[in-house]
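Fold and geometry: a report
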Amino acid sequence: MRAFQLVLVVIIVVIADIIPIIKKKQHKEAAVLIMLGAVTLAYGYYYITHVHIASLVNLMFDIFRLK
Amino acid sequence: MKTGKDKISVKQLFFVFTIMVSSPTTRLLPKFTAAKAEQAGWISPIISTVPFIMLILVIDSLLKKYKGQSMSDIISSIMGRFLGKLVLVVYFLWALWLTAMYTRYYTERLTSSIYINIDINVFIILALIPIAYILHSGFTPIARMSEILLPFIGLMLIMLSLFLFPKVRANNLLPVYINDIVPIFNGSISITGLLSYLFLMFFLSDKVVNLKSLRTFGYISAYVNISSIMMVNFIVIGVLGSSLARRVYMPVLTVVKQISIMDVIENIEAVVVAIWIFADFTLIATLLVIVLNLIKSIFNLSDTKPLINILAVLVYYLSLGISAGRFELEDFTNNLLMPINITLGYGFPFVLFVLSTLKKKEKTSKSG
């Protein structure tokens, strides 16, 4: 259910913002918008499926090997 | 100083910076300095003055050498196109991390102070929707709002200091010996780390007019920020004592709850929380504008307004997933964030300054 909400929100936001910029022929902006949408979908899905263990702070601690 | 559309003055930039710093100051600094320097923690801000003023001088020198360019353009000019973009990506990730982290801190502060039984989702959504809406009008409304907000924050600090001064106990603040110099220095790390956000602010330098007065306003800002941080530390450690100040989750709120004037003026923490909400609002909005400006520089975009909404959605998920709880977040802030802040906020600007000086010398020797 939460994954469905995520997909719905991202699609609505991306479509609502992409229509005016495509009309203005700002293709680079449209590409960045789609890229940010994809990143949001990917991270949002990761968060939803790993809600109890997802922690970026722990990831940073692992990267810097502090814990 | 009159400013054009979507342009702000240096004064407004420093107003925004002071509000940005005020929010983490009240949440983090008294705890950190009390833990590191104990009763001498209130002196720690003085140490941070030196790197902060040096940072102002470095930024001023860079902006004078590369007139009319934004900090992103200056980085690309000095480091070359590829390395410059790489550095901008690092700053983008840092700014995005800070945005998500401060959004989470804002909700954690509310849910652990007065709205205990409310889901954090509610506060994140209630913060991000108005921020995204306001940012469609550019950064100018945020800068103008900060001109109204800052006097209130200053007034709040003065009032709290006056009300709490009778409760300050000298034995909580003294004695301070020469041996305390190392703990005082350790205590200043977090303050220095917070003040490093000034460098991030200059990624908005293309929106700022009258950069000639940067140094003057920089010195004023250094005085105001350092003295207010010192005042907060003085009051908190003076009232609670260092052993209690470092253990309480929000020492400033605990101290404010003690205010009682003739049993008439009490429970004024609601006013403090209200001002915190506005300060956090300014902090998150400014960081989002910096993120947008960095995206603009990385991808050479002409307009970033269409990216605001999707970025707000991304920040929502990042702020939820940044940590499992506030203890983990505090642990990260104290142990890892401050060195990162100092490296990116002070270390890199100094490297940039040295490289620009070497480049200039090379140019003069070639032309000579």
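Residues numbered from 1 in each chain as written. Chains lettered and ligands numbered in written order. Predicted model: local features only at pLDDT ≥ 70, side-chain atom pairs only at ≥ 80, totals over all residues.

Details of the overall build of chain A
- Tallying secondary structure elements over chain A gives three helices and zero strands in all.
- From first element to last, N terminus to C terminus, chain A shows the α and β order α-α-α.
- At 16 Å, chain A has a C-alpha radius of gyration far larger than the 11 Å of a compact globule built from 67 residues.
- The principal-axis extent of the C-alpha atoms belonging to chain A is close to 50 × 30 × 10 Å.
- Every one of the 67 residues in chain A was classed for burial, and the buried ones make up 25%. (Helix = DSSP H or I, 4+ residues; strand = E, 2+ residues; numbered from the N terminus. Rg over C-alpha atoms; globule rule 2.2 N^0.38 Å. Buried ≥ 20, exposed ≤ 12 C-beta atoms within 10 Å, placed from the backbone.)

A short note on the overall build of chain B
- A count of helical and extended segments in chain B gives 15 helices and two strands.
- At 21 Å, chain B has a C-alpha radius of gyration in line with the 21 Å of a compact globule built from 368 residues.
- Buried positions account for 50% of the 368 residues belonging to chain B.
- When contacts within chain B are restricted to residue pairs at least 6 apart in sequence, long-range pairs at least 24 apart make up 84% of them. (Contact = placed C-beta atoms within 7 Å.)

Overview of the nonpolar core
- Counting 133 residues, the largest nonpolar core has B:Ala95, B:Ile284, B:Leu288, B:Val291 and B:Leu311 as the members making the most contacts within it.
- What B:Leu311 contacts, discounting residues up to four positions off in sequence, is A:Leu36, B:Leu288, B:Val291 and B:Leu292. (Core = buried A, V, L, I, M, F, W, Y, C linked by C-beta atoms within 7 Å.)

What about the interface of chain A and chain B?
- With 26 residues of chain A at the contact, the number on the chain B side is 24 residues.
- Sorting the residues of the side of chain A that touches chain B by element identifies helix H1 (2-23), helix H2 (27-49) and helix H3 (56-63) of chain A as the ones contributing at least two each.
- No other element matches H2(A), which puts 11 residues into the side of chain A that touches chain B.

Topic: the environment of B:Met101
All names here are of chain B.
- As for its position among the elements, Met101 is in helix H4 (residues 81-111).
- Owing to 23 C-beta atoms within 10 Å, Met101 belongs among the buried residues under this scheme.
- Note: C-alpha distance between Met101 and Ser319 (218 residues apart in sequence) is 6.0 Å.

Thoughts on helix H2 (residues 44-65) of chain B
All names here are of chain B.
- With 22 residues, H2 ought to run about 32 Å at 1.5 Å a step, and its terminal C-alpha atoms sit 33 Å apart, in line with that.
- Val50 marks where H2 bends most, by close to 25°; the proline Pro51 follows one to four residues later.
- All buried positions along H2 are accounted for by Ser44, Pro45, Ile47, Ser48, Phe52, Leu55, Ile56, Ile59, Leu62 and Leu63. (Expected span 1.5 Å × (residues − 1). Bend = angle between axes of the 7 residues up to and from the residue.)

Comments concerning the environment of B:Thr254
Residue and element names in this part refer to chain B.
- In this fold, Thr254 is placed in helix H12 (residues 251-256).
- When the C-alpha positions of Thr254 and Glu266 are compared, they lie 13 Å apart, and in sequence the two are 12 residues distant.
- Once you skip the residues sitting within four places of it in the chain, Thr254 turns out to touch Leu240 and Val248.

Here's the deal with the packing of H4(B) against helix H14 (residues 308-321) of chain B
Residues and elements named next belong to chain B.
- Put simply, H4 and H14 touch, their axes get as near as 8 Å, and they point 65° apart. In this structure, H4 crosses over H14, and the sense of that crossing is right-handed. Touching Thr99, Ala100, Thr103 and Arg104 of H4 are Val315, Leu318 and Ser319, all from H14.
- Tallied by class, residues from the contact of H4 with H14 come to three nonpolar, three polar and one charged. (Axes fitted to C-alpha atoms, helices over the stretch in contact; angles between N-to-C directions. Left-handed = near helix turned anticlockwise from the far one by under 90°. Nonpolar A, V, L, I, M, F, W, Y, C, P; charged D, E, K, R; others polar.)

Concerning the environment of A:Met1
Residues and elements named next belong to chain A.
- Checked against the element boundaries, Met1 lands in the segment before H1.
- A tally of 6 C-beta atoms within 10 Å means that Met1 is categorised as exposed.
- The spatial distance from the C-alpha of Met1 to the C-alpha of Ile48 is 9.8 Å, given a sequence separation of 47 residues.

A few points about helix H6 (residues 140-164) of chain B
Residues and elements named next belong to chain B.
- Between its first and last C-alpha atoms H6 spans 36 Å; for 25 residues at 1.5 Å apiece the expected length is 36 Å, and the two agree.
- Every buried residue belonging to H6 is among Ile142, Ala143, Ser146, Leu149, Leu150, Ile153 and Leu160, and all of these are buried.
- On its buried face, H6 is in contact with strand E1 (8-9), helix H1 (10-37), helix H5 (120-135), helix H10 (214-240), H12 and helix H13 (269-299).

So, the confidence of the model for chain A
- Of the residues in chain A, 96% have a pLDDT of 70 or more, and the chain-wide mean is 85.
- Mean pLDDT per element in chain A: H3(A) is the minimum at 82, and H2(A) is the maximum at 90. (pLDDT = per-residue confidence, 0-100.)

Considerations on the packing of H6(B) against H13(B)
Residue and element names in this part refer to chain B.
- Here H6 crosses H13 at 145°, and the two axes come no closer than 11 Å. In this structure, H6 meets H13 at a crossing whose hand is left-handed. The residues of H13 that touch H6, namely those facing Ile142, Met145, Ser146, Leu149, Phe152, Ile153 and Met156, are Val272, Ile275, Phe278, Ala279, Thr282, Ala285 and Thr286.
- Each residue belonging to the contact of H6 with H13 can be placed in one class, and the counts come to 11 nonpolar, three polar and no charged.

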